[in-house]
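# Summary of structural features
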Number of protein chains: 2
Amino acid sequence: MTKWYEKSGDQGDVILSTRIRLARNIKEYPFPGRLSLDQRQKVEKAVCGSVGQCMQLIGSPYRFINMEDISKTDAVSLVERHLVSPEFISDTRGRGLILSDDESVSIMINEEDHLRIQVMREGLALDQAYSVADKLDTLLNERLDFAFDERLGYLTQCPTNLGTGMRASLMLHLPALQESGVMGRVANSLSKLGLAIRGIYGEGSEPVGAIYQLSNQVTLGLSEKEAIENLGRIAMQLVSQERAARKTLSKNIETQDSICRSLGILQNARMLTNDEFMKLLSKIRIGISEGLIPNISYDKLNALMVRVQPATIMLPGGQTLSPAQRDVLRAKTVREALAPVG
Amino acid sequence: MTKWYEKSGDQGDVILSTRIRLARNIKEYPFPGRLSLDQRQKVEKAVCGSVGQCMQLIGSPYRFINMEDISKTDAVSLVERHLVSPEFISDTRGRGLILSDDESVSIMINEEDHLRIQVMREGLALDQAYSVADKLDTLLNERLDFAFDERLGYLTQCPTNLGTGMRASLMLHLPALQESGVMGRVANSLSKLGLAIRGIYGEGSEPVGAIYQLSNQVTLGLSEKEAIENLGRIAMQLVSQERAARKTLSKNIETQDSICRSLGILQNARMLTNDEFMKLLSKIRIGISEGLIPNISYDKLNALMVRVQPATIMLPGGQTLSPAQRDVLRAKTVREALAPVG
């Protein structure tokens, strides 16, 4: 089955993906930080008992993954696919994951909150993603009875999520803005608008391959709809700025040279670290948007980006590989995917 | 007409080309260093008067180039094609060049000696090249009467050429020996055997793209045949060593990676300095000999190597280009020549 991330969507030259995440807790249990292992398992059981019908109602075939049962590689791959947080796999006891077959809908059980409902979509698709999350939330609420306060909204373990409990985020590719050195200033302005911009793997992480995550910070005092509209509007401003910066940048023969060489390296290298791959991929993406590279689609790159991540790349072979072996396999995978069309 | 350097020859994986050069002086004139401009022109006229018939007898259509009449670019291109020495174009007065249409036979008039007869061939072809040079020498001697001493042999302006007046040289591509750091030791051993090994543009020059010139140093006390046999035998030892070193080297995935990336860069770059081009070309040549790069012939590379040299690359367009413009044109030329076969 095609995964959601094997496609590109609206504004796909700059916006890689959309994510809506809802933090929810079941009224009758303490927050996860206060749960005994026994209670965690009860929460897990409760969620699993209710989720089947809900997933069916939103039309998403799914599976349940007991986090204690899977290998380290499988777990890290889930992080690489942005399905779970790094914290979620650091201690797997009493934790589980509901995952739709196309991987666009997932529910982490017993992460920071009892439920972290997550919906992802390719490109800019805030309304669509929110609509699915909202539907699933409503269905689950009917069965699980979420902790809710008239004044504070949804109750969450961390007060920064109180209110809507919603984090909407967009994965943005901003190589030209990064190159022109304005990202520090951009981040400052965004924080005044109630938004945060961070590296690809969330808080504290470096922007790998110029991929940034833009998300709302405010969950109290405004509705989900308002938060999403605000995020979408500002994101589109960034998209315009990035596009203008790319146009300017790609007039330089040096930039064109660097973009085209990146393609040549990806099509020919015999070893590729993930870091180098991400850097070269970033160049290729500009090459496509600026018309320097024909015959390669964003879809293909989006799929490839996930497929060659350090843990995910080991999944098809089912063997643990050394970093050097992974680099060789990554180069081969990339080479085959991007082979020049005759 | 196809030029001699647009082909590859015997032992073409390591031996790029063969050159035989004979230094000759006309008895009735002082050496060029002692010639007035007027006398130089007389020498030029004498050579031109005799050479036509001789070139016809060896079956080489040719043209005469008065060095005073050509542009700086044309002159530098002659150096790049190894047809004349850098010294020859530094002062062009009273100097001329006889050049066969395929550029394999050339005669510099009034370089260090009155005549420098030069015959070039692709690959290892010492006997064939010598045979042509010898024939031409004999024919010219009948008409010009070369300065010759029973004891000292052919008289030359520089005593290092006394005797046969012959310099036989081979252009060798020795990237693996260079990489394994043995070239200093090799050069030492060779000098004890009466041979010298130098960078591609002769004495004092650095080896560009791991291309070396191997030549005999001794012109007194042994025959041309002996000198050529000695050179050929030792060259074949170097060829064997280079091949063994390449085999070892190319087992490394790092080497394979570097070779394949080089191809990717050459096929995609938008700017290429000549120096980078030569370095990458060197890798490609190993890639071909070690079976890592199919579909590219040494012929093509040999032709390309000459075609994109700094002055030669400007010849087809007939315009003077800045270094940056040349880098762009070089990248385009290389890209088109090495375009991947679908």
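A few points on the structure. Treat the numbers as computed from the prediction; the structure is a model and nothing was measured. (Residues numbered from 1 in each chain as written. Chains lettered and ligands numbered in written order. Predicted model: local features only at pLDDT ≥ 70, side-chain atom pairs only at ≥ 80, totals over all residues. Heavy atoms only, no water.)

On to the overall build of chain A, then. Counting its regular elements, chain A contains 11 helices and 10 strands. Taking 342 residues into account, the globule formula puts the C-alpha radius of gyration at 20 Å, and chain A, at 21 Å, falls close to it. If you line up chain A on its principal axes, its C-alpha atoms span 65 × 45 × 35 Å. Here chain A holds 342 residues, and 56% of them are scored as buried. Counting contacts in chain A only where the partners sit at least 6 residues apart, residues at least 24 apart contribute 70% of the total. Total accessible area on chain A is roughly 14600 Å²; 50% of this is exposed by carbon and sulfur atoms. Side-chain charges of chain A comprise 41 positive and 41 negative groups, with the mean position of each set lying 3 Å from the other. (Helix = DSSP H or I, 4+ residues; strand = E, 2+ residues; numbered from the N terminus. Rg over C-alpha atoms; globule rule 2.2 N^0.38 Å. Buried < 20%, exposed > 50% of the residue type's maximum accessible area, 1.4 Å probe, protein only. Contact = heavy atoms within 4.5 Å. Areas by Shrake-Rupley, 256 points an atom, 1.4 Å probe, with all protein chains shown as cover. Lys, Arg positive; Asp, Glu negative; His and termini not counted. Charge placed at Lys NZ, Arg CZ, Asp CG, Glu CD.)

Moving on to the sheet that holds strand β9 (residues 195-199) of chain A. Residues and elements named next belong to chain A. Strand order in the open sheet formed by eight strands is β2-β3-β4-β5-β1-β8-β10-β9, and the pairing between neighbours is antiparallel. Of all strands in the sheet, those with a lone pairing partner are β2 (62-66) and β9, marking the two edges. Averaged over all neighbouring strand pairs, the angle between strand axes comes to 20 degrees, with direction disregarded. The pairing of strand β1 (residues 15-24) with strand β8 (residues 166-173) spans seven bridges and is classified as antiparallel. Bridging across to β8, L22 finds its partner in M166. In this fold helix α4 (residues 126-144) packs onto β1, β4 (105-109), β5 (115-122) and β8, with an angle of close to 155 degrees to the strand it touches most, β5. (Pairing = 2+ DSSP bridges. Axes fitted to C-alpha atoms, helices over the stretch in contact; angles between N-to-C directions.)

Least-squares fitting of chain A to chain B yields an RMSD of 0.0 Å, with the superposition described by an axial translation of 0.0 Å and a rotation of 180 degrees. The superposition of one copy onto the other is thereby described by a two-fold rotation axis. When the interface residues of chain A are mapped onto chain B, 100% of them again fall at the interface, so both copies present the same face. (Least-squares fit on C-alpha atoms with pLDDT ≥ 70 in both.)

So, on to the packing of aromatic side chains. The description of an aromatic ring pair uses the distance of the two centres, along with the angle that the planes make with each other. Using the criterion set out here, one finds four aromatic pairs over all chains in the structure. Relative to Y5(A), the ring of W4(A) lies with its centre 5.7 Å away and its plane at 85 degrees, an arrangement referred to as edge-to-face. One cation-aromatic arrangement involves R24(B) over Y154(B); the distance from NZ or CZ to the ring centre is 3.4 Å. (Phe/Tyr/Trp six-rings, centres within 6.5 Å; stacked < 30°, edge-to-face > 60°. Lys NZ or Arg CZ within 6 Å of the ring centre and 35° of its normal.)

Our focus in this paragraph is the nonpolar core. One finds F277(A) and F277(B) to be the most contacted residues of the largest nonpolar core, which totals 60 residues. Listing elements by their share of this core, those giving two or more residues are α8 (253-268), α9 (274-289), α10 (298-307) and α11 (323-337) of chain A together with α8 (253-268), α9 (274-289), α10 (298-307) and α11 (323-337) of chain B. For F277(B), the residues in contact, after removing those within four places along its chain, are L266(B), L272(B), L304(B), M305(B), V308(B), R330(B) and V334(B). (Core = buried A, V, L, I, M, F, W, Y, C linked by side-chain atoms within 4.5 Å.)

All names here are of chain A. For α9, with 16 residues, the first-to-last C-alpha span of 23 Å sits near the 22 Å given by 1.5 Å per residue. Within α9, the full set of buried residues consists of N274, F277, M278, L280, L281, S282, I284, R285, I286, G287 and I288. Once α9 ends, the next one or two residues include G291, with phi positive near 75 degrees. (Expected span 1.5 Å × (residues − 1).)

Turning to the sheet that holds strand β1 (residues 15-24) of chain B, a few remarks are in order. All names here are of chain B. With antiparallel pairing, eight strands are arranged side by side in an open sheet as β2-β3-β4-β5-β1-β8-β10-β9. Of all strands in the sheet, those with a lone pairing partner are β2 (62-66) and β9 (195-199), marking the two edges. Each adjacent strand pair in this sheet contributes to an overall mean axis angle of 20 degrees, direction not counted. Where strand β4 (residues 105-109) lies against strand β5 (residues 115-122), five bridges are found, and the strand directions are antiparallel. Along β5, the bridge assignment pairs M108 with R116. In the packing of helix α6 (residues 183-192) onto the sheet, the strands contacted are β9 and β10 (211-216), and the crossing angle to β9 comes to about 145 degrees.

All names here are of chain B. Here R81 lies in the loop between α2 (72-80) and α3 (86-90). Looking at R81, the relative accessible area reads 9%, which means it is buried. Engagement of the side chain of R81 in a polar contact is seen with the side chain of E103, the distance being 2.6 Å. If we ignore the near neighbours within four places in the chain, the residues touching R81 are Y5, D74, E103, M120, V306, T312 and L315. (Polar contact = N/O pair within 3.5 Å; in protein donor to acceptor, adjacent residues only side chain to side chain.)

Turning to the interface of chain A and chain B, a few remarks are in order. Taken together, the contacts link 19 residues of chain A with 19 residues of chain B. Here chain A and chain B share an interface that buries about 1600 Å² over both sides, 65% of which is from carbon and sulfur atoms. A per-residue breakdown of the area chain A buries against chain B is headed by R261(A), R270(A) and M271(A), which together make up 36% of the total. The interface formed by chain A and chain B contains two salt bridges. In this structure, E276(B) and R261(A) form a salt bridge, with 2.7 Å as the shortest nitrogen-oxygen distance. Where chain A touches chain B, the interface holds eight residue pairs in polar contact (both at pLDDT 80 or more). Broken down by element, the side of chain A that touches chain B gets its largest block of residues, 11 residues, from α8(A). Of the residues contributing to the side of chain A that touches chain B, the split by class is nine nonpolar, five polar and five charged. (Buried area = accessible area lost by both parts, 1.4 Å probe. Salt bridge = Lys/Arg side-chain N within 4 Å of Asp/Glu carboxyl O. Nonpolar A, V, L, I, M, F, W, Y, C, P; charged D, E, K, R; others polar.)

Further remarks concern helix α4 (residues 126-144) of chain B. All names here are of chain B. Here α4 contains 19 residues, and its C-alpha end-to-end distance of 26 Å stays within 8% of the 27 Å for a straight helix at 1.5 Å per residue. Buried residues of α4: L126, A129, Y130, V132, A133, L136, D137, L139, L140 and L144, and no others. Directly beyond the C-terminal end of α4, a positive phi value near 60 degrees is found at D145.

Attention shifts here to the packing of α10(A) against α11(A). All names here are of chain A. Interaxial distance between α10 and α11 falls to 11 Å at its minimum, and their mutual angle equals 170 degrees. By the angle between their axes, α10 is roughly antiparallel relative to α11. Residues K300, L304 and R307 of α10 lie in contact with α11, whose contacting residues are T333, V334 and A337. By residue class, the composition of the contact of α10 with α11 is three nonpolar, one polar and two charged. (Parallel < 35°, antiparallel > 145°, perpendicular 65-115°, else oblique.)

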